[in-house]
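Read off the chains here:
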Amino acid sequence: KNEVEQSPQNLTAQEGEFITINCSYSVGISALHWLQQHPGGGIVSLFMLSSGKKKHGRLIATINIQEKHSSLHITASHPRDSAVYICAVDEKNDMRFGAGTRLTVKP
Amino acid sequence: DAGVTQSPTHLIKTRGQQVTLRCSPISGHKSVSWYQQVLGQGPQFIFQYYEKEERGRGNFPDRFSARQFPNYSSELNVNALLLGDSALYLCASSWTGNYGYTFGSGTRLTVV
């Protein structure tokens, strides 16, 4: 069983819809990251969380340490949000990644 | 300020050959981590270096090795390449290696 589980694996939405991507982890962590990966491979760090909630533009990330669960929300989704979203956790001296959620937003 | 830079961006090698990938961290970052991302999967941790010392190693064979230089740049070496080594190799840097990673754009290695 992967230590970092994401759901769904694939998600297709219409432009304007509210998107939620979930991440559950089974290890003790110091921080959780939400990353965005576009075709071609480059990864952009969206959020780093150790508690509570963060917001940046149309993106909101939350984490519940007790339940070992985090969510990434995208409000008013747009085709340019189409990418793979990866949840990753810091555990001691390495980072463990989920398999990613492939989001496609259709106009 | 330049971000994390990796070179080369793309590389094609033949089975059995050796390859060296390079990573320059953000100025001031002392930790560099390497990850392998096979198509369709999340990245897998290979190595972490901090202050030129290996701090962590993932579940990869001894064909994989790395080092960090006094200027904190790093090289990842893979010997005796296998077809299964074809992947995107990502480098990330941070101040201490505990949090706040910045990723490079990766080197896409194809082994034929």
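About the cut-offs
- Residues numbered from 1 in each chain as written.
- Chains lettered and ligands numbered in written order.
- Predicted model: local features only at pLDDT ≥ 70, side-chain atom pairs only at ≥ 80, totals over all residues.
- Heavy atoms only, no water.
- Pairing = 2+ DSSP bridges.
- Helix = DSSP H or I, 4+ residues; strand = E, 2+ residues; numbered from the N terminus.
- Axes fitted to C-alpha atoms, helices over the stretch in contact; angles between N-to-C directions.
- Buried < 20%, exposed > 50% of the residue type's maximum accessible area, 1.4 Å probe, protein only.
- Polar contact = N/O pair within 3.5 Å; in protein donor to acceptor, adjacent residues only side chain to side chain.
- Contact = heavy atoms within 4.5 Å.
- Buried area = accessible area lost by both parts, 1.4 Å probe.
- Salt bridge = Lys/Arg side-chain N within 4 Å of Asp/Glu carboxyl O.

**Student:** I would appreciate a short explanation of the sheet that holds strand β3 (residues 19–24) of chain B in the present structure.
**Tutor:** Within a beta sheet, neighbouring strands are joined by backbone hydrogen bonds and run either parallel or antiparallel to one another. Residue and element names in this part refer to chain B. Pairing is antiparallel in the open sheet, where 4 strands are placed in the order β1-β3-β8-β7. The open sheet is flanked by β1 (5–7) and β7 (64–68), the only strands paired with a single partner. Across the sheet, the mean angle from the axis of one strand to that of its neighbour is 15°, orientation sign disregarded. The sheet contact formed by β1 and β3 spans 3 bridges and is antiparallel.

**Student:** Whenever I open this one, the side chain of Gln37(A) confuses me. Can you help?
**Tutor:** Along the chain, the position of Gln37(A) falls in strand β4 (residues 31–37). A residue is classified by how much of its surface remains accessible, and Gln37(A), at 8% relative accessible area, is buried. Separated by 2.7 Å, the side chains of Gln37(A) and Gln37(B) make a polar contact. Setting aside its immediate chain neighbours within four residues, Gln37(A) contacts Gly42(A), Ile43(A), Ala83(A), Val84(A), Ile86(A), Gln37(B) and Leu88(B).

**Student:** I'm lost on the interface of chain A and chain B in this one. Help?
**Tutor:** Facing the 19 residues of chain A at the interface are 19 residues of chain B. Roughly 1400 Å² is buried in total at the junction of chain A and chain B, and carbon and sulfur atoms are behind 57% of that figure. At the boundary of chain A and chain B, one finds 0 salt bridges. Taken together, the links from chain A to chain B amount to 1 residue pair in polar contact (both at pLDDT 80 or more). For the side of chain A that touches chain B, the elements supplying multiple residues, two or more each, are β4, β5 (43–49), β9 (83–91) and β10 (94–97) of chain A.

**Student:** It is not clear to me how unusual backbone geometry should be interpreted in this structure. Could you clarify?
**Tutor:** With glycine set apart, most residues show a phi of negative sign, and most peptide bonds adopt trans. In this model, Ser7(A) is joined to Pro8(A) through a cis peptide bond whose omega is -5°. In this fold, Pro8(A) is placed in the loop between β1 (4–7) and β2 (10–14). In this structure, Pro8(B) follows Ser7(B) across a cis peptide bond, with omega equal to -10°. As for its position among the elements, Pro8(B) is in the loop between β1 and β2 (10–13). Within the chain, Lys52(B) stands out as a residue other than glycine whose phi angle is a positive 75°. If you trace the backbone, Lys52(B) turns up in the loop between β5 (44–50) and β6 (53–57). Judged by its relative accessible area of 35%, Lys52(B) falls in the partly exposed class. Not every positive phi belongs to a glycine, and Tyr72(B) is a case in point at roughly 75°.

**Student:** What am I meant to see in the side chain of Gln36(B) here?
**Tutor:** Residue and element names in this part refer to chain B. By secondary structure assignment, the location of Gln36 is in strand β4 (residues 31–37). A distance of 2.9 Å separates a polar atom in the side chain of Gln36 from a polar atom in the side chain of Tyr89. Aside from chain neighbours lying at most four places away, what touches Gln36 is Gly42, Pro43, Gln44, Ile46, Phe60, Phe64, Gly84, Asp85, Ala87, Leu88 and Tyr89.

**Student:** Looking at this model, I keep getting lost on the environment of Ile26(B). Mind explaining?
**Tutor:** All names here are of chain B. Relative to the helices and strands, Ile26 is located in the loop between β3 and β4. Among the residues examined, Ile26 registers a relative accessible area of 15% and is labelled buried. On a C-alpha basis, the gap between Ile26 and Thr9 in space is 17 Å, while along the polypeptide they are 17 residues apart.

**Student:** How should the pattern of salt bridges be read in this particular structure?
**Tutor:** Opposite charge on two side chains permits pairing when their charged atoms draw close. Counting across every chain of the model gives 8 salt bridges over all chains. The salt bridge involving Arg96(A) is made with Glu3(A); its shortest N-O contact spans 2.9 Å. Of this pair, Arg96(A) sits in strand β10 while Glu3(A) sits in the segment before β1, placing them 93 residues apart in sequence. By sharing partners, the salt bridges in this structure join Arg22(B), Arg67(B) and Glu75(B) into a single network.

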